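Inside the fold
The residues making up each chain are set out below.
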Amino acid sequence: MRAGRVAERVEALKGERATFKPVDLFERAAPSKATDALWNTACREAEVLRFDSVAARRVIAERPEHITLKIPSVHGDVVLDLFRAEVLAEDFVVRKASTRQAITTPANIHYRGSIRGQTGSVVSVSVFPNEAMALLADKNGQRILGPFEDAPQDLLVFYHEKDLLAERSMACATPDQKTPDLPRSAGGGSPKTLRCVRWYWELAHDIFLDKGSVTDAANYATALFHQSATLFANDGISVALQEVFVWDVPSPYSTTFSMAILGEFQGLTGPFNGDAGHLLDFNSLNGGIAAGLGTLCSPNSDLRLAYSGIDNSFNNVPTYSWSVFVVTHEHGHIMGSLHTQACAWNGNNTPIDGCAAPEGPCPPGPIPSVEGGTIMSYCNFLIDVGVNFSNGFGAQPAQVIRDHVNAATCLFACTDTTSCDSLTIQLTTTTGVNTVLNLSVAGVSLLPVAGEEIALCLTDGCYIGTLTDQNGNPIDGTYTVNDANATVIASGSTVGAQFEFSLGTLIPGCTNPVAGNFNAAANCDDGSCCMTYTTLVLTDSGGDGWDGAIYAFINLAGDTVYTGTLDAGSGDNVSFCPPAGCYTFVVTGGTDPGEIGWTLGGAAQA
């Protein structure tokens, strides 16, 4: 099971000895006929939890960076290790349609992380003063925690998606076609985005009526967006919620089919507050549709819009996972990805999977394993396969999305929290305002910008700046990097037209995705990248080590570059980075050569 970037972040925090504050928000409600009646027409099995609103308000007020949260269960407590996630843009706003004015909503807090002991798991938790919503995904699928549609306010339900009695099959009406300007291979590109996609979400009147107020509708949308944003973050993709617009009066959308509703949304929406927009209603039979593929920064704003008919509940039980799948899938289209059944992948125009008929002239792809399909697939139609959120978008669609976001010139660079104070880089050269600044971080080049005083919003990391004229010729000059408080971060004269500076918390490591020791979490290259990364697997069938046998790498000059043995036990892995060249690998026999074995670079000897 793959470990996504969210789980990697949790492990990195533990490695840094970060303090995870224990938080208790839930306790099991004693099972009874009354509590069972809240869920037993919707689920085969579920548990009812009691929500501690006092503890929730304390967490919201204190806003701890890292927490450990327990979800009590008859099957054993589920322990979550979480870090705080700011999913709202710095100037996030909620507006109601009746006045078009912004309203103030109560404070809330969002966390993401992993299930302790579950490799590859991913979790999102949203806490409000009177309720909480959570989505947990691991190799076994999704679990949902949230409020009942009709129950005492302090009661929540916790259940596994596979136990839901209703079947949910999202249909996507987005026309799929291969667009040659978007790469489709799994190789190359950045392992993370350096820009955010800021979303405008519009909620139809039925969502307002169901939730009962603008605030509750906005809270629901915020939690839903956070759950979707966590899946993007798990694949190194940053998104933020810019605005929630709530139709507290009847919305003007009168048609009933997804394509027609999208057309109305396009016709009635002028300039909107975000990089892309999404209309949501509770007509779950409609599924979703995106107006375009890879249309970020399109001058035609209609192509940056999407519509999703989502689902609130089934027989009193919340069904977040299905709604998360719909909106995340349509976001994925706007941000560059085709369906996984499209004849456009693998470097040879074939599908990634065969969960649906191929879209294009190619044979069907393979059916995924028991771990399920990915977000841009139709594997939800196959009951025995399904979509597993812990699989994310899959390697190829995720890379396409990251590449499209990083190439979108209209987007701002931002931190993972989407809250960033600008820094200013002042340049003095012979070309004045025509000086071009080319910045790179963690091996990823940002788009060039020109000027003598340049304001930027940048992620943490080690930066290299290169100065050129308008024709790309390198030029030297002086530079000063100031933070938002006009404090000088770095200054001096360029050397070979280059200068360097660093920001925030640095994670050193190899930032070259092609290297054998590539570290996806690193934001500061430490020169450790190894293009000859070698792993030697040592085994001993007797379980008592190699009994005097040794291995050695000998170069052409006859020098022993690496040597060692298996001192004890039945096996060990040894990794090293030899200089490029030719070597002789030698293993001596020892006292019991029949027991020893080794594997090196695909060659085996026993």
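Rules used in this analysis
Residues numbered from 1 in each chain as written. Predicted model: local features only at pLDDT ≥ 70, side-chain atom pairs only at ≥ 80, totals over all residues. Heavy atoms only, no water. Helix = DSSP H or I, 4+ residues; strand = E, 2+ residues; numbered from the N terminus. Buried < 20%, exposed > 50% of the residue type's maximum accessible area, 1.4 Å probe, protein only. Pairing = 2+ DSSP bridges. Axes fitted to C-alpha atoms, helices over the stretch in contact; angles between N-to-C directions. pLDDT = per-residue confidence, 0-100. Contact = heavy atoms within 4.5 Å. Parallel < 35°, antiparallel > 145°, perpendicular 65-115°, else oblique. Left-handed = near helix turned anticlockwise from the far one by under 90°. Nonpolar A, V, L, I, M, F, W, Y, C, P; charged D, E, K, R; others polar. Salt bridge = Lys/Arg side-chain N within 4 Å of Asp/Glu carboxyl O. Phe/Tyr/Trp six-rings, centres within 6.5 Å; stacked < 30°, edge-to-face > 60°. Lys NZ or Arg CZ within 6 Å of the ring centre and 35° of its normal. Disulfide = S-S within 2.5 Å.

A word on unusual backbone geometry
Phi at R17 is positive, roughly 60°, even though this residue is not glycine. When you line up the elements, R17 lands in the loop between α1 (5-15) and β1 (21-23). Relative accessible area serves as the criterion here: at 74%, R17 is assigned to the exposed category. Positive phi is not limited to glycine here, since R100 has a value of about 60°. Along the chain, the position of R100 falls in the loop between β6 (88-96) and β7 (102-103).

Quick notes on the sheet that holds strand β26 (residues 478-482)
Here we have 4 strands laid out as an open sheet, ordered β24-β20-β26-β27, and antiparallel in their pairing. Here the strands that pair on one side only, and so sit at the sheet edges, are β24 (453-456) and β27 (488-493). Here the strands of the sheet are splayed against their neighbours by 10° on average, with no regard to which way each runs. For strand β20 (residues 423-428) and β26, the ladder comprises 5 bridges, and the chain directions are antiparallel. Bridge pairing in β26 links T424 to N482.

So, the confidence of the model for the chain
Chain-level statistics for the chain give a pLDDT mean of 89 and a share of 94% at 70 or above. Mean pLDDT values for the elements of the chain range from 38 in strand β37 (residues 603-605) up to 98 in strand β9 (residues 122-127).

With respect to the sheet that holds β1
The sheet built from 10 strands is open, its strands ordered β1-β4-β5-β8-β9-β10-β11-β12-β3-β2 with mixed pairing. Edge positions in the sheet fall to β1 and β2 (26-28), since each has one partner strand and no second. Recorded for the sheet is a direction-independent mean angle of 25° between the axes of neighbouring strands. Inspection of the sheet shows strand β4 (residues 66-71) paired to strand β5 (residues 78-84) by 6 bridges, in the antiparallel sense. Counterpart to L69 in the pairing with β5 is L80. Sheet strands touched by α1: β4, β5, β8 (109-115) and β9. Its angle to β5, the strand with the most contacts, is close to 85°. Against the sheet, helix α3 (residues 53-62) engages β1, β3 (47-51), β8 and β9, with an angle of about 100° to β8.

Remarks on the packing of helix α5 (residues 214-234) against helix α7 (residues 320-334)
Interhelical geometry of α5 versus α7 gives an angle of 60° and a closest axis separation of 9 Å. With respect to each other, α5 and α7 are oriented oblique. Judged by the sense of rotation from one axis to the other, the crossing of α5 with α7 is right-handed. Here α5 contributes Y220, L224, F225, Q227, S228, L231 and F232 to the contact with α7, which in turn contributes Y320, S323, V324, V327, T328, H331 and G332. Split into classes, the residues belonging to the contact of α5 with α7 amount to 8 nonpolar, 6 polar and no charged.

A look at the pattern of salt bridges
Taken as a whole and assessed by the stated rule, the structure comprises 12 salt bridges. The residue K21 makes a salt bridge to E62 at a minimum N-O spacing of 2.4 Å. Of the two residues, K21 sits in strand β1 while E62 sits in helix α3, which places them 41 residues apart along the sequence. In this structure E62 comes out as partly exposed when scored by relative accessible area, which is 45%. The partner of D138 in a salt bridge is R143, and the shortest N-O contact between them spans 3.1 Å. A relative accessible area of 3% means that D138 is categorised as buried. Among the residues examined, R143 registers a relative accessible area of 18% and is labelled buried.

Here we look at the packing of aromatic side chains
The geometry of an aromatic ring pair comes down to the distance between the two centres and the angle between the two planes. The full count for this structure, using the stated rule, is 21 aromatic pairs. Aromatic pair F245 and W247: ring centres 5.5 Å apart, planes at 75°, arrangement edge-to-face. Relative accessible area serves as the criterion here: at 10%, W247 is assigned to the buried category. Here the aromatic residues W546, Y551, F553, Y562, F576, Y583, F585 and W598 are joined through ring pairs into a cluster of three or more. Taking NZ or CZ as reference, R9 lies 4.5 Å from the ring centre of F83, over its face. The ring of Y220 carries the charged tip of K211 above its face, separated from the ring centre by 4.3 Å.

A look at the pairing of strand β15 (residues 276-281)
The buried fraction of β15 amounts to 6 of the 6 residues, a majority that puts the element mostly inside the structure. A two-sided burial pattern is seen for β15, the buried positions comprising A276, H278 and L280 on one face and G277, L279 and D281 on the other. Note that strand β13 (residues 196-203) and β15 share 5 bridges and pair parallel. Within the sheet, the bridge partner assigned to W199 lies in β15 and is A276. Two strands pair when backbone bridges link them, and β15 and strand β17 (residues 305-309) are joined in this way by 5 bridges, in the parallel orientation.

Side note on the state of the cysteines
Counted by the stated rule, this structure contains 6 disulfides. Here C530 pairs with C577 through a disulfide, and the sulfurs are 2.1 Å apart. What sets the handedness of the C530 and C577 disulfide is the S-S torsion sign, and at about 105° it is right-handed. Note that C530 is positioned in the loop between β30 (524-525) and β31 (534-540) and C577 in the loop between β34 (571-576) and β35 (583-587), a separation of 47 residues in sequence. Of the cysteine sulfurs around C582, a residue in no disulfide, the closest is that of C577, at 16 Å.

Some points on the pairing of strand β11 (residues 141-147)
Across the 7 residues that make up β11, a large majority, 7, are buried. The pairing of strand β10 (residues 132-138) with β11 spans 5 bridges and is antiparallel. If you follow L136 over to β11, its bridge partner there is R143. Here β10 folds back onto β11 in antiparallel fashion, the turn holding 2 residues. Bridge count between β11 and strand β12 (residues 155-160): 5 bridges; the pairing is antiparallel. Opposite G146, over in β12, you have V157 as the bridge partner.

Side note on the packing of α1 against α5
Where α1 meets α5, the axes come as close as 7 Å, and the angle between the chain directions of the two elements is 80°. One way to sum up the angle between α1 and α5 is to call them roughly perpendicular. Each of R5, V6 and A7 in α1 lies in contact with α5, whose residues at this interface are T230, A233 and N234. Tallied by class, residues from the contact of α1 with α5 come to 3 nonpolar, 2 polar and 1 charged.

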